[in-house]
Amino acid sequence: MTFELAAFWAFAAVTVLSAGMVITLKNPVHAVLSLILTFFSTACLWLLLQAEFLGIVLVLVYVGAVMILFLFVVMMLDINLTPLREGFARYFPIAMGVAVLMLFEMLGLLGVRRGGVGQALPGPDPSVAAGSNLQWIGQDLFTRFMLPFEIAAVILTVAIV
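Rules behind the numbers
- Residues numbered from 1 in each chain as written.
- Predicted model: local features only at pLDDT ≥ 70, side-chain atom pairs only at ≥ 80, totals over all residues.
- Heavy atoms only, no water.
- Patch = residues over 30% accessible without salt bridge, like charges linked within 9 Å, V, L, I, M, F, W, Y side chains within 5 Å.
- Areas by Shrake-Rupley, 256 points an atom, 1.4 Å probe, with all protein chains shown as cover.
- Salt bridge = Lys/Arg side-chain N within 4 Å of Asp/Glu carboxyl O.
- Helix = DSSP H or I, 4+ residues; strand = E, 2+ residues; numbered from the N terminus.
- Buried < 20%, exposed > 50% of the residue type's maximum accessible area, 1.4 Å probe, protein only.
- Expected span 1.5 Å × (residues − 1).
- Arc of directions from axis to C-beta.
- Contact = heavy atoms within 4.5 Å.

1. A short note on a nonpolar patch on the surface
A contiguous nonpolar surface patch, about 750 Å² in accessible area, is contributed by Phe92, Met96, Val100, Leu103, Phe104, Met106, Leu107 and Leu110. Mapping Val100 onto the fold places it in helix H5 (residues 88–113). Take Val100: its relative accessible area is 37%, and that puts it in the partly exposed class.

Here it is in structure tokens:
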């Protein structure tokens, strides 16, 4: 079993377990922390598949959107925050557990990128010679799909206004 395959199985197991925790936990704060871990582990799987753009967008858009949505829900419910601040220490161990697990996932990705522990890197990847997927996306967005890209930008700008 290669290091990359072991990392895949580890990330997949964390993704499935944390997704299960999202729907089984009764505490909304714990469920959101589990959802963040699910998104982050899924982004690690995308990075293993050399889809860097999708992995980064998953973290930036979904993790950011979930946290903002959670904040809006708390603000709209008009929850008295004084009792919540008193119990902040209760959530610290779970938040630290999620943070440590995310740290191990990032270190695992670094190990995969370097070829694993004690492994030599394989020969040159043909997709690297042709350019990264970010270069492909940028090239297509500003050549073949320039008009739809600009139309989408105008529609989003009008929606914001």
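2. Digging into the pattern of salt bridges
Under the defined criterion, the tally for this structure stands at 1 salt bridge. When the shortest N-O distance is used, the salt bridge between Arg144 and Asp140 registers 4.0 Å.

3. Regarding the environment of Val57
Looking at the element boundaries, Val57 is found in helix H3 (residues 52–77). The class of Val57 is partly exposed, set by a relative accessible area of 28%. Along the sequence, Val57 and Ala43 sit 14 residues apart, while their C-alpha atoms lie 8.4 Å from each other.

4. As for helix H1 (residues 3–24)
Count 3.6 residues to each turn of an α-helix, and residues three or four apart come out pointing the same way. The terminal C-alpha atoms of H1, which comprises 22 residues, lie 31 Å apart, in line with the 32 Å expected from a rise of 1.5 Å per residue. Inspection of H1 places Ala7, Phe11, Ala12, Val14, Thr15 and Ser18 among the buried residues, and these make up the whole buried set. Here the buried residues of H1 occupy an arc of 165 degrees about the axis, which is enough to place them on one side. Those residues of H1 that are exposed and aimed more than 90 degrees away from the buried face are Trp9, Val16, Leu17, Ile23 and Thr24.

5. Some thoughts on the environment of Ser34
Locating Ser34 in the fold gives a position in helix H2 (residues 28–48). Distance in space between the C-alpha atoms of Ser34 and Ile23 is 9.3 Å, their sequence separation being 11 residues. With residues near it in sequence (within four places) discarded, Ser34 still touches Ser18, Met21, Val22 and Leu25.

These values are about where atoms sit, not about what they do.
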